[in-house]
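Next come the chains, spelled out residue by residue.
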Amino acid sequence: MHRLTVQYFDPTDGTGFEAVYRERHVPIVQEVPGLARFVLSTPRGTGDTPHLVAELWFEDAETMKAALGSSQMSRAAEDAETYEVARRVMFAAEVEDVATSA
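The sections below set out a description of the structure shown in this document.

About the cut-offs
Residues numbered from 1 in each chain as written. Predicted model: local features only at pLDDT ≥ 70, side-chain atom pairs only at ≥ 80, totals over all residues. Heavy atoms only, no water. Helix = DSSP H or I, 4+ residues; strand = E, 2+ residues; numbered from the N terminus. Contact = heavy atoms within 4.5 Å. Areas by Shrake-Rupley, 256 points an atom, 1.4 Å probe, with all protein chains shown as cover. Phe/Tyr/Trp six-rings, centres within 6.5 Å; stacked < 30°, edge-to-face > 60°. Buried < 20%, exposed > 50% of the residue type's maximum accessible area, 1.4 Å probe, protein only. Lys NZ or Arg CZ within 6 Å of the ring centre and 35° of its normal. Pairing = 2+ DSSP bridges. Axes fitted to C-alpha atoms, helices over the stretch in contact; angles between N-to-C directions. Core = buried A, V, L, I, M, F, W, Y, C linked by side-chain atoms within 4.5 Å.

Across its full length, the protein chain carries three helices and four strands. The N-to-C order of helical and strand elements in the protein chain reads β-α-β-β-α-α-β. Taking the principal axes of the C-alpha coordinates as reference, the protein chain spans close to 40 × 40 × 20 Å. At a minimum sequence separation of 6, the contacts of the protein chain that also span at least 24 residues come to 69%. With the model as given, the accessible surface of the protein chain reaches about 6,400 Å², and the carbon-plus-sulfur share is 48%.

Structure, rendered in structure tokens:
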């Protein structure tokens, strides 16, 4: 699996950001071709913790590459730029499931 992670830090209006993100951005992302899974999390912690984390999952590198070049992903990226946040961090990763034994 391959994952694209986007972290949003310190929005100007946290409640407003989340509402608009869910109402406007989520439907745009759901249209990205090849998207196998789309997960949002709201970490809570101290220090440099993001306000919201979005994870876009793809079956393989080729599918993710095609998705990144799609018009739907371009639209999602353009929409993401409109949010008033202190910063955005985005990275791609190859994900390996590692089983642990008890």
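Don't stop here, the text continues.
Moving on, we get to the packing of aromatic side chains. Using the criterion set out here, one finds six aromatic pairs in the structure. Aromatic pair tyrosine 8 and tyrosine 83: ring centres 6.5 Å apart, planes at 85 degrees, arrangement edge-to-face. Here tyrosine 8, found in strand 1 (residues 2-11), pairs with tyrosine 83, found in the loop between helix 3 (71-80) and strand 4 (85-94); they are 75 residues apart in sequence, far enough to count as distant. Like tyrosine 8, the residue tyrosine 83 is buried in the burial classification. Counting every residue linked through ring pairs, the aromatic cluster contains Tyr8, Phe17, Tyr21 and Tyr83. Lying over the aromatic face of phenylalanine 9, arginine 87 brings its terminal NZ or CZ to 3.9 Å of the ring centre.

Right, let's talk about the sheet that holds strand 3 (residues 52-58) for a bit. The sheet built from four strands is open, its strands ordered 2-3-1-4 with antiparallel pairing. Two strands bound the open sheet, and with one partner strand each, they are strand 2 (37-41) and strand 4. Ignoring which end each strand starts from, the neighbouring axes of this sheet average 15 degrees apart. With nine bridges joining them, strand 1 and strand 4 adopt antiparallel strand pairing. Counterpart to proline 11 in the pairing with strand 4 is valine 85.

Bringing the nonpolar core into the picture now. By size, the foremost hydrophobic cluster in this structure holds 20 residues, and its most contacted members are Tyr8, Phe17, Tyr21, Leu56, Phe58 and Met73. Broken down by element, the residue count for this core peaks at five residues, all from helix 1 (residues 14-30). Not counting chain neighbours up to four residues away, the residues in contact with leucine 56 comprise His2, Arg3, Leu4, Val29, Leu35, Arg37, Phe38 and Met73.

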